[in-house]
Amino acid sequence: MATQATAQRGFSFLRIAIALQTLTIFIQAVSAGLLLTSSYGETLHSAGARVMYGASMLYVLAAVLAWKPGGGSPRPVWHASGFLVLASVQVVLGIAHVPSVHLPLGVLMFGLSVLALARR
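A brief structural summary. (Residues numbered from 1 in each chain as written. Predicted model: local features only at pLDDT ≥ 70, side-chain atom pairs only at ≥ 80, totals over all residues. Heavy atoms only, no water.)

## Side note on the packing of aromatic side chains
Each aromatic ring pair is characterised by the separation of its centres together with the angle its planes make.
Right, on to step 1. For the coordinates displayed, the defined rule picks out two aromatic pairs.
Right, on to step 2. Ring centres of Phe 26 and Phe 110 lie 6.1 Å apart, and the angle between their planes is 40°; on these two criteria the pair is classed as tilted. Taken together, the positions of Phe 26 in helix 1 (residues 2-37) and Phe 110 in helix 4 (residues 99-119) put the pair 84 residues apart, joining distant regions of the chain.
Right, on to step 3. For Phe 26, a relative accessible area of 46% translates into the label partly exposed.
Right, on to step 4. Since its relative accessible area comes to 30%, Phe 110 is described here as partly exposed.
Right, on to step 5. Consider the rings of Tyr 59 and Phe 83, whose centres lie 6.5 Å apart with planes at 65°: the pair is edge-to-face. Residue Tyr 59 is found in helix 2 (residues 41-67), and its partner Phe 83 is found in helix 3 (residues 75-95); the two are separated by 24 residues along the sequence.
Right, on to step 6. Residue classification places Tyr 59 among the buried residues on the basis of a relative accessible area of 4%.
Right, on to step 7. With a relative accessible area of 6%, Phe 83 lands in the buried category. (Phe/Tyr/Trp six-rings, centres within 6.5 Å; stacked < 30°, edge-to-face > 60°. Helix = DSSP H or I, 4+ residues; strand = E, 2+ residues; numbered from the N terminus. Buried < 20%, exposed > 50% of the residue type's maximum accessible area, 1.4 Å probe, protein only.)

Here it is, written out as structure tokens:
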């Protein structure tokens, strides 16, 4: 019974982490629009990138914590790790100013994050 309660908390933390990641990616889309239209958009988008990357790392941590105690499938860990790789590529592309790949990758990441949230 205690193991089931621990597993339930782990899955709740995982769902919260995915929701936070999804929200930060959405905020990045908004700040990208501000980047094009205002003087403070670049600062906001840059700060948001750090928060989004941190949310991706939190997703990995939550996936590991949900998997390890209950001994369930490691699939969420692989998904979270893959997402962290995508976030890393996104940051590199943003720093390198490659919008032709950076923007579509951001849309893909948002879609994948919404899909992961819907699955939990």
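Let us keep going from here.
## Comments concerning the packing of helix 3 against helix 4
Right, on to step 1. One can describe the packing of helix 3 onto helix 4 by two numbers: an axis separation of 10 Å at closest approach and a directional angle of 160°. As summarised for this structure, helix 3 and helix 4 are arranged roughly antiparallel, according to the angle between their axes. Relative to helix 4, the crossing made by helix 3 is left-handed. Of the residues in helix 4, those touching helix 3 at His 79, Phe 83, Leu 86, Ala 87, Val 89, Gln 90, Leu 93 and Gly 94 are Val 101, His 102, Leu 105, Gly 106, Met 109, Leu 112, Ser 113 and Arg 119.
Right, on to step 2. Here the contact of helix 3 with helix 4 is composed, by residue class, of nine nonpolar, six polar and one charged. (Axes fitted to C-alpha atoms, helices over the stretch in contact; angles between N-to-C directions. Parallel < 35°, antiparallel > 145°, perpendicular 65-115°, else oblique. Left-handed = near helix turned anticlockwise from the far one by under 90°. Contact = heavy atoms within 4.5 Å. Nonpolar A, V, L, I, M, F, W, Y, C, P; charged D, E, K, R; others polar.)

## Considerations on the side chain of Gln 21
Right, on to step 1. Mapped onto the elements, Gln 21 comes out in helix 1.
Right, on to step 2. For Gln 21, a relative accessible area of 0% corresponds to the buried category.
Right, on to step 3. Beyond its immediate chain neighbours, meaning those up to four positions away, Gln 21 contacts Ala 55, Ser 56, Tyr 59, Phe 83 and Ser 113.

These figures capture arrangement, not role.
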